[in-house]
Structure formats: C-alpha cells, structure tokens
Amino acid sequence: MQARLSIGVVCYSSLGGSGVVAAEIAAGMAARGHGVHMIASGRPRRATPGVHFHEVAPVAHPVIDQPPYTLAVAGVIVEVARRHGLDVVHAHYAVPHVASAYLAAQALAAKGRRPRLVTTLHGTDVTQIGVDAAIRPITAFALAACDAVTVPSSFLCDEAVRSFDLLPAAIETIPNFVDTDRFAPPRRHEPDRLGRIVAERSGGEAPRGPFLVHVSNFRPVKRAADLLTVLAKLRAAVPAHLILIGDGPQLDATAERAEAMGLGDAVTFVGEQSDFAELLSRADAMLLTSESESFGVAALEAMSCGVPVFAYRVGGLAEVVSDDSGVLVEPFDADALAAALAAVLRDDDRRQRMRAAARARAVDFFRAEPILDRYEQLYRRVAGER
Ligand code: GMT
C-alpha cells in the first residue's frame, strides 16, 4: 500500500477557474485517503468533502496601509505544517502564492521539515499580473525554486517560459478536468424545462429558446460587451435568448448595456449559482468572448454537458474545444461568431452531432480520475525526492 500524503492546497476563494480546479483537486485527493489542508482567505465555492479548511485572516495595523497577504498566507502554511506535517504544498495562481509557499518552506527548512513545493500557473498570474515589473522578479525566483510547476495548456507553458525564464522541461502540462457525472447531458428531453429553471432562479418570466449560456466572473478579460454584440447580430437571424451565470466587476455594466441595446428581454442574469450543471446542460450553445483563456474550465464543463462551445480562438481554448465540439473564430470577430451560431442553431442534425462530440471529448480527454492520477504521481515523485 502506498503512503498517505499530507497536502496543503493554497488558493483563492474568489469566483474563478483556479479556485474551482484547486477545490476539485483537494476533494479528489481527500477521497483517495490523503490528508488535505486547504489554505485560503475564504471557503471554496465548490464542495470539498473531507478537506480541512484553514482561513487566511486579513492582518491589519495602523502603520501598514496594505494588508500583508503574502506573509499571512506563509504564516498559515507554517502553522498548518507544524501542526499536521505537510509533505507537499500545492500553490494555485502564482501571485503571490508561490512566494508565500517559498517563504514558508524556508522557515520550515530551518526545523528540518521543508515541504515540497508544487505550483500550478493558471492564466493572468502569467500573462498579466505576473509580468508586472513589481511582481515578476520574486515570482520568477520562487517559481524557479519549486519542485514542480504545472500549467493546464501548452499555450500557458509557452507564456510561462517567456515570462519567467523557466525551462520548458521544468514545466509539466496537466490539463484541467471535469466531473463528467455532475456535468452530464440531461437524461430526458424536456423542451420547456430550461425556461422554467431560469424563471425560478431569476424571479422573472420563463424565456423561450434557443438558449445560449455564458458562465464567468465578469472580469474585463471576458469581454462581456461582446456577448451582447454577438447576441444582437445573431437575433437578426435566430430569436436566441442568452442566460448569464456568474458575478463580477462588469456585471452591472453588462446589464445596463443590454437594456441600452434593447436586449433586455433577450438576456437573463441569474447571478452566481452554487449548482448550475442542469442549467448548463439544457442550453443549446455556450458563448465565450474572452480576450484570453489559458484553458477555459467553463467551456469544458459545457462540453461535458454536451453543449458545444462558440468562442474566439485565443490562448489555450483550441486545446480544449475541437472543430467538431464547437466553433472557434478569429479574435474578436463578432460577425463570425454570430454566423457560426446561426448556422448551428438552424441545423438540428449538426447540433446533435456537436453535442455528442463535445461530450465524448470531455469524457475521453478531460475526465477527473486520470488527471487526478497525474497530480498524485507528481506529489509522490516530489515527496519521494527527499
Ligand atoms: O487567470 C485568471 O484570470 C483567473 C483564473 C481564475 O481563477 O479563474 O482563470 C484562469 O485559470 C482557469 C483554471 O485553470 C482557466 O480555466 C482560465 O482559462 C484562466 N483564465 C485566463 O487565462 C484568463
């Protein structure tokens, strides 16, 4: 029998794919019998049965005008390691978690208890904030000191090599994954069901399809205004309705813009949903207009539900969405996205083929268990190097 590992998972709890991936890995490792300690400033948004949660509380003092989050995370890692013994610390989203993990490991090494460090880069920690002149030197230094660095796509691997001077061989590409049981196509065809669920969750009228769905944290990188541009163009041909799931800084502006464009009745905002698998699974298409996605967990969850993805060909999306499971168009060609959607929404046979291909791709390439195996092997490899 293989040894039980003690694993610290450091992540953000804010709405977003990195927190989802961290929570799913933590829950997966706990289900495999490992001791898992999640270190974050808030509870994860996804259920994490069997995972011990350790809060990073904000540290405030009148002299300090910015709370020292990096030190607070490092302090909690040290505390958890002293109480529970950590074999591995897995930091998600490098800024500043890799620096916190590095500091904690140095402090623990002095006592002969240095945990191994694994960092998963997720996206803007490499492409945006990570390359900020104030952030890059320490992030690159701490990444170089990790026992393993992973990325979810080849796109992000190339970006990380360029941004942080890492050697390609020092980075392992482990794709994100999806719970294909939870995110699954509907068992029965019930044409009115999605309209009814949307009405229940939004408190409004039941809309009529065809339905597009968008899931995001409404950050600028998602280009939410483009969703409405595409919808307006599409509606010249097909009376589609757009369901927006999630919350974030640009949600209000998006709602105001929808009204201003006369799309108020064609869009429903259902907000952040703790369980949106059924909503997703009953949509006809997923619409994503991001300016970049290292991977696109939301796209993968749609595909797992048998929902084809329509997006710009940016970042690592082409590694997730194949030509038969969705349509990727030149960035930022809203006309092309609207035309692709209209063609598929008008062609039942093609839509059914895409649904089947999307589901098959999610199951064949992105099922949770084989990818959790890779993380577990990685943890054992780095822990065994002692
Ligand atoms: O990097 C970000 O902008 C945030 C991060 C998040 O927490 O949502 O998203 C990134 O990580 C996800 C999980 O690996 C990926 O699915 C997203 O594509 C990626 N976002 C970007 O690259 C913009």
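Use the structure listed above.
What counts, and at which threshold
Residues numbered from 1 in each chain as written. Predicted model: local features only at pLDDT ≥ 70, side-chain atom pairs only at ≥ 80, totals over all residues. Heavy atoms only, no water. Pairing = 2+ DSSP bridges. Helix = DSSP H or I, 4+ residues; strand = E, 2+ residues; numbered from the N terminus. Axes fitted to C-alpha atoms, helices over the stretch in contact; angles between N-to-C directions. Contact = heavy atoms within 4.5 Å. Near = heavy atom within 4 Å. Polar contact = N/O pair within 3.5 Å; in protein donor to acceptor, adjacent residues only side chain to side chain. Areas by Shrake-Rupley, 256 points an atom, 1.4 Å probe, with all protein chains shown as cover. Nonpolar A, V, L, I, M, F, W, Y, C, P; charged D, E, K, R; others polar. Salt bridge = Lys/Arg side-chain N within 4 Å of Asp/Glu carboxyl O. Phe/Tyr/Trp six-rings, centres within 6.5 Å; stacked < 30°, edge-to-face > 60°. Buried < 20%, exposed > 50% of the residue type's maximum accessible area, 1.4 Å probe, protein only. Expected span 1.5 Å × (residues − 1).

Participant: Help me understand the sheet that holds strand β1 (residues 6–10), please; the structure alone is not making it clear to me.
Facilitator: Across the sheet, seven strands lie side by side as β3-β2-β1-β4-β5-β6-β7; this open sheet has parallel pairing. With one partner strand each, in any of the chains shown, β3 (52–55) and β7 (171–173) form the two edges of the open sheet. Strand-to-strand twist in this sheet, taken as the mean axis angle between neighbours without regard to direction, amounts to 25°. As judged from the three bridges shared by strand β6 (residues 148–151) and β7, these two strands associate in the parallel manner. The residue of β7 that forms the bridge with Thr-150 is Glu-172. Here helix α3 (residues 94–109) sits on the sheet and contacts β1, β4 (88–92) and β5 (116–120); the angle it forms with β5, its principal contact strand, is near 180°. On the sheet, helix α15 (residues 368–384) packs against β1, β4, β5, β6 and β7 and is oriented at approximately 145° with respect to β5.

Participant: Explanation requested: the site of the ligand in the structure shown.
Facilitator: Near the ligand there are 16 residues, and of these Gly-17, Ser-18, His-122, Thr-124 and Glu-293 occur at the shortest range. The contact in question runs from an oxygen atom of the ligand to an N or O atom on the backbone of Ser-294, over 2.8 Å. Taken by itself the ligand offers 480 Å² of open surface, and the protein chains cover 94% of this. Each residue belonging to the shell around the ligand can be placed in one class, and the counts come to three nonpolar, 11 polar and two charged.

Participant: Looking at this structure, I do not really get the sheet that holds strand β12 (residues 309–312). What am I missing?
Facilitator: Sheet strands pair via backbone hydrogen bonds, and the direction of the pair is either parallel or antiparallel. Pairing is parallel in the open sheet, where six strands are placed in the order β10-β9-β8-β11-β12-β13. Two strands close off the open sheet at either side, each with one partner strand: β10 (267–271) and β13 (326–329). Averaged over all neighbouring strand pairs, the angle between strand axes comes to 20°, with direction disregarded. Two strands pair when backbone bridges link them, and strand β9 (residues 241–246) and β10 are joined in this way by four bridges, in the parallel orientation. Along β10, the bridge assignment pairs Leu-242 with Val-267.

Participant: I keep staring at the pattern of salt bridges and nothing clicks. Help me out?
Facilitator: It is possible for side chains bearing opposite charge to pair when their charged atoms get close. Within the structure shown, the criterion is met by 25 salt bridges. Arg-282 is the salt-bridge partner of Glu-278, the closest N and O atoms lying 2.9 Å from each other. Overlapping salt bridges, with partners in common, bring together Glu-24, Arg-46, Asp-179, Arg-182 and Glu-301 in one network.

Participant: Help me out: how do you make sense of the packing of aromatic side chains in this one?
Facilitator: Any pair of aromatic rings gets described here by the distance separating the centres and the angle formed by the planes. Summed over the entire model, instances satisfying the criterion amount to six aromatic pairs. Centroid distance Tyr-102 to Phe-141: 5.1 Å. Interplanar angle 75°. Geometry classified as edge-to-face. Within this pair, whereas Tyr-102 is found in helix α3, its partner Phe-141 is found in helix α5 (residues 136–144), the two being separated by 39 residues in sequence. Tyr-102 sits in the buried class, given a relative accessible area of 18%. Note on Tyr-312 and Phe-332: the rings are 5.1 Å apart at their centroids and 85° apart in plane angle, and the pair reads as edge-to-face. Placement of the pair is Tyr-312 in strand β12 and Phe-332 in the loop between β13 and α13 (334–345), with a sequence separation of 20 residues.

Participant: Honestly, α3 in this entry has me stumped. Any pointers?
Facilitator: Each turn of an α-helix holds 3.6 residues, which means side chains three or four residues apart point in the same direction. Taking 1.5 Å per residue as the helical rise, α3 with its 16 residues ought to reach 22 Å, and the 21 Å between its terminal C-alpha atoms agrees with that figure. Buried within α3 we find Ala-94, Val-95, Pro-96, His-97, Val-98, Ala-99, Ser-100, Ala-101, Tyr-102, Ala-104, Ala-105 and Leu-108.

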